[in-house]
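# Examination of the molecular architecture
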Amino acid sequence: MKTLLSMIAILFVLSAQSAFSEPPQVLSKETPIIFDKSAGTVSFLAEVNGKYFYQPTRHFAVSATGSNGDKAILRGLVPAADFYSALKEIGAIPGENMTPENKEVTHVQGSALAVSVTWKGASRSYSIDEVVIDSNKKPILMRFGGNLANSEKMKTGCLLCLDSCPVGIVSNSQYAYGALEKRGEVEMRGNKDILPPDGTAVVVTVQLL
Amino acid sequence: MKILQYAFTGLLGGLILALLASRSIWLEMRVNTGILLPLTIACAVASRSLFRRDLPFRAVCGLEALLIFLLLAFYRFDPRALLLMPASLFKEGFFLHAVSIRTVNGILSLLVISGNGLFIPGPAAVRHWHRRQNAFEPEADRPDPFL
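Residues numbered from 1 in each chain as written. Chains lettered and ligands numbered in written order. Predicted model: local features only at pLDDT ≥ 70, side-chain atom pairs only at ≥ 80, totals over all residues. Heavy atoms only, no water.

### Quick word on the packing of helix α1 (residues 2-21) of chain B against helix α6 (residues 101-117) of chain B
Residue and element names in this part refer to chain B. What counts, and what does not: Interaxial angle, 0 to 180 degrees, is taken between N-to-C directions of lines fitted to C-alpha atoms, where a helix line uses only the stretch in contact. Each helix is a run of H or I in the DSSP string that is no shorter than four residues. Each strand is a run of E no shorter than two, and both are numbered from the N terminus. For classification purposes, angles smaller than 35 degrees are called roughly parallel, those larger than 145 roughly antiparallel, those between 65 and 115 roughly perpendicular, and all remaining angles oblique. Crossing handedness: left-handed means the near helix sits turned counterclockwise from the far one by under a right angle, and right-handed means the same turn made clockwise. We call two residues in contact when some of their heavy atoms are within 4.5 Å. Three classes are used, and their members are as follows: Ala, Val, Leu, Ile, Met, Phe, Trp, Tyr, Cys and Pro are nonpolar, Asp, Glu, Lys and Arg are charged, and the others, Gly among them, are polar.
Where α1 meets α6, the closest approach of the two axes is 10 Å, and the angle between their N-to-C directions is 130°. Compared by their axis directions, α1 and α6 come out oblique. The hand of the α1/α6 crossing is left-handed. Contacts between α1 and α6 involve F8, L11 and L15 on the former and, on the latter, L108, L111, V112, G115 and N116. For the contact of α1 with α6, the residue count by class is 6 nonpolar, 2 polar and no charged.

As structure tokens, then:
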């Protein structure tokens, strides 16, 4: 009798869980960003900008509405402030150590993040190291820099930058600011052999490490 | 008609300038290099109203040859790059964000074909040319108007 009761209780809990759990969210232009607290992930919608398969850039993803919207490998369909809030929701801690004064000698701090990209028809999810070509072949180390105040002031729309940045919400701590466009330490561009053609919608997933 | 010839020459010149400017990462990260296209077209049209000189077709051919040379020098023979780069500069320059690269390539092809067509002389121009040729014929060969 005891076993029967406990089995009924377990069945009740399981059915209640499935009844109350939210349906899986799907990204769309109306809902361009979602986050999963338990998995520690934020996913947002973006479009490929094929121009940066052939030109170097220092931007991985920039909000399409920002002033740098056409300067990145991916045009993000989400505002920078929403991306910042979603990262805070999953428990990421912003570094807030980058300023316009120290940017060229400082590497961004904050929670470490793994970035991957996938799209309709892709056989799997590709890591940022696969979709971005670093001429030095160094791994890309993304960190949650924060910088929401600078981002809202400058209105660049920067979401993920390829060198430490005082404006981008997330940036690459591997290089200090200016490594790409000022000091020429490295060149970065989209990997045309992996990424889909210009204009294709992709899903960028940022996972808290 | 002449103003359209100038506008087409401006388009070719703008594409060349935008292509060169976009090679500088410092400039490319700061400004919309594609904006050089409408600016050069505007300058070319303005220069027509200032100087009122006819454009020789060889000037257009020279610009086209330079554009092809630069595209091949920068992007080798990669057909994807050759189809994408001029179109993306045009798209950025004219703020055609919602238009696909395929459509922009269609527009560019039409502009290049019709732009070159603008320099094909019409019947009036051919008659004028013949009249000028006759004006330089030796006097002995001309019919005597008093006969």
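Continuing now.
### As for the confidence of the model for chain A
Residues shown with low pLDDT carry predicted positions that ought not to be read at fine detail. Using the following cut-off: pLDDT expresses, on a scale from 0 to 100, how confident the predictor is about each individual residue.
When pLDDT is averaged across chain A, the result is 89; 88% of the residues are at 70 or more. Scored below 50 in pLDDT, residues 11-24 of chain A makes 0 contacts in the model with residues more than four places away or belonging to other chains.

### Notes on helix α3 (residues 36-51) of chain B
Residues and elements named next belong to chain B. The following threshold applies: Here, expected helix span is obtained from the residue count minus one, scaled by 1.5 Å. Any residue under 20% of the maximum accessible area for its type is buried, any over 50% is exposed, and the rest in between are partly exposed; the area is computed with a 1.4 Å probe on protein chains only. To obtain the arc, one takes the directions from the helix axis to the C-beta atoms.
With 16 residues, α3 should reach 22 Å at 1.5 Å per residue; the first-to-last C-alpha distance of 22 Å fits that figure. Along α3, the residues classified as buried are L37, T40, I41, A44, S47 and R48. Each buried residue of α3 sits inside an arc of 125° when the element is viewed along its axis, so together they form one side. More than 90 degrees from the buried face of α3, the exposed residues found are C43 and L50. Those residues of α3 that are buried are in contact with α1 and α5 (79-93). Backbone geometry just downstream of α3 places R52 in the positive-phi region, at approximately 50°.

### Let's talk about the nonpolar core
Convention followed: Nine residue types can take part in a nonpolar core, namely buried Ala, Val, Leu, Ile, Met, Phe, Trp, Tyr and Cys, and a core is a set of them joined through side-chain atoms within 4.5 Å.
Counting 73 residues, the largest nonpolar core has F44(A), F60(A), L74(A), F83(A), L87(A) and L160(A) as the members making the most contacts within it. At 8 residues, α1(B) tops the list of elements feeding residues into this core. Apart from the residues lying within four places of it in its own chain, the contact partners of F44(A) are L27(A), P32(A), I33(A), A61(A), G76(A), V78(A), F83(A), L159(A), L160(A), V202(A), V203(A) and V204(A). Formed by 6 residues, the second largest nonpolar core is a distinct cluster that contains A72(A), C158(A), C165(A) and V167(A).

### Notes on the side chain of S43(A)
All names here are of chain A. Basically, it comes down to this: Pairing of N or O atoms within 3.5 Å defines a polar contact, subject to two protein rules: one partner must be a possible hydrogen donor and the other a possible acceptor, and residues neighboring in sequence count only if both atoms are side-chain atoms.
In this fold, S43 is placed in strand β2 (residues 41-48). Within polar-contact distance, the side chain of S43 engages the side chain of T205 at 3.1 Å. If sequence neighbours within four positions are ignored, S43 has contacts with L27, P32, I33, I34, V203, V204 and T205.

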